[in-house]
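Structural features, examined
Here is what each chain is made of, one letter per residue.
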Amino acid sequence: MKASILAVAAALYAQEAAAQFAQAAMMRFQCSQLVIERLDPLVNPGQLQSTHLHQIVGGNSFNATMTPVEYDPAAKSSCTTCTFAEDFSNYWTANIYFKAKNGSFKRVPQMVNLGLKGQGGVTVYYIPPYDGKTKVTAFKPGFRMLAGDPNLRSQKGMQKQICHRCEHNIAQNPFGGAPCTGDDTAAFPKKPCDGGIRSTITFPTCWDGKNVDSPDHKSHVAYPSSGTFESTGPCPASHPVRLPQVMYEVMWDTREFNDKSMWPETGQPLVYSTGDTTGYGQHGDYVFGWKGDALQKALDARCSGDRCSALKTQTNEETLACFKGQTVKEQTEGWLDSLPGDIPLN
Ligand SMILES: *[C@@H]1O[C@H](CO)[C@@H](O)[C@H](O)[C@H]1NC(C)=O
Ligand SMILES: *[C@@H]1O[C@H](CO)[C@@H](O)[C@H](O)[C@H]1NC(C)=O
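Each value, and the rule that gives it
- Residues numbered from 1 in each chain as written.
- Chains lettered and ligands numbered in written order.
- Predicted model: local features only at pLDDT ≥ 70, side-chain atom pairs only at ≥ 80, totals over all residues.
- Heavy atoms only, no water.
- Pairing = 2+ DSSP bridges.
- Helix = DSSP H or I, 4+ residues; strand = E, 2+ residues; numbered from the N terminus.
- Axes fitted to C-alpha atoms, helices over the stretch in contact; angles between N-to-C directions.
- Disulfide = S-S within 2.5 Å.
- Buried < 20%, exposed > 50% of the residue type's maximum accessible area, 1.4 Å probe, protein only.
- Near = heavy atom within 4 Å.
- Polar contact = N/O pair within 3.5 Å; in protein donor to acceptor, adjacent residues only side chain to side chain.
- Areas by Shrake-Rupley, 256 points an atom, 1.4 Å probe, with all protein chains shown as cover.
- Nonpolar A, V, L, I, M, F, W, Y, C, P; charged D, E, K, R; others polar.

Section: the sheet that holds strand E5 (residues 96-99)
Taken in spatial order, the 3 strands make up an open sheet running E6-E5-E16, and their pairing is antiparallel. Strands with a single pairing partner mark the edges of an open sheet, and in this sheet they are strand E6 (105-107) and strand E16 (270-272). Between one strand axis and the next, the sheet turns through 35° on average, direction left out of account. In the sheet, E5 pairs with E16 via 3 bridges, with the strands oriented antiparallel.

A short note on the state of the cysteines
The final tally for this structure, using the stated rule, is 6 disulfides. Residue cysteine 303 pairs covalently with cysteine 308 via a disulfide, S to S 2.0 Å. Taking the sign of the torsion about the S-S bond as the criterion, the disulfide between cysteine 303 and cysteine 308, at about 50°, is right-handed. Given a relative accessible area of 9%, cysteine 308 falls into the buried group. If you count the bonded cysteines of the protein chain from the N-terminus, they pair up as 1-3, 2-12, 4-6, 5-7, 8-9, 10-11.

Structural notes on the site of ligand 2
Lining the immediate environment of ligand 2, one finds Ala100, Asn102, Ser104, Met262 and Trp335. A distance of 3.2 Å separates an oxygen atom of ligand 2 from a polar side-chain atom of tryptophan 335. Computed on the free molecule, ligand 2 has an accessible area of 360 Å², of which 45% lies beneath the protein chains in the complex. In terms of residue class, the shell around ligand 2 is built from 3 nonpolar, 2 polar and no charged.

Points about the pairing of strand E15 (residues 245-252)
Counted residue by residue, E15 has 8 buried out of 8 residues, so it is predominantly covered. Every second residue of E15 is oriented toward a common face, with Gln245, Met247, Glu249 and Met251 on one face and Val246, Tyr248, Val250 and Trp252 on the other, all of them buried. Across 2 bridges, strand E7 (residues 110-111) lies against E15 in antiparallel orientation. Counted as the bridge partner of glutamine 110 is tryptophan 252 from E15.

Structure follows, in structure tokens:
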């Protein structure tokens, strides 16, 4: 009895969250692929190459060294792969590879989210509080942060709101349920997903007001001290500045890998470029690079979707004309004998 009441309450909560998510004004836009390579100016600054492979979108000044403040992506970039022309930020995640029965790996391509145009990449969200009036403060120059932990192999210690959704239909409804509700899982889905996999990475929303980075790239930000960002829960006294909620959605096109006769005997065939076969190590990196106060203006105007009167937009052709070659050339495509960087499965 009690269990069923809880189940009904959970279902109602999920429905309510989905409805709020669908109605809330939020910036949601495409950033197409800039480059796929082993660089990580946040976690491994200056290092050629970083330990694992990433897919990177945004401004083309992305580089091994991007010293906070001193290296201004808006000044150094000549183009961006994002729809909003003033957004030279870099957004990146690990890649997903499929491991076939014979032990070979192939990168799982990405697709563009419903309603958007471009190539691969990430759907980026900047979400203001759902009440429609509470103000948020845009990130300061040099700001950066990390969500998730590439080393996790179980749910213990995972940050909130990082998950995978097994899509049943390729023409998925982008508002078919708020992220990390319903059947979404922190781990990789265990079964083939006919419509691909959507992964969601949501960043913390409270800032200490001083540091644009911290040694673990996390301690300068925090979650609301009670309630949630969505319910306009207050920020803790240690991190009093309310930020917009940054969220990534990555659409992984698993369709060419859904034939179970290709799957290894061990089952679930997907692996992150970190060697993570569980999915719990999903993570995202953010380096702020908006020009001037463009992001604050867009937040204050409560812009929604990928058109905003306060911002300049680019055409699809313009965003696709922006790309970058690998700094260190490396094979990442086709059938590979091992993951890039020879990372062992772990
Ligand atoms: C990127 O870093 C390299 C050194 O690794 C440097 O030569 C190059 O000028 C940097 N690019 C920019 C845009 O600063
Ligand atoms: C491994 O299996 C895949 C999928 O069946 C196949 O395309 C690939 O050529 C195989 N690789 C090797 C080295 O046999």
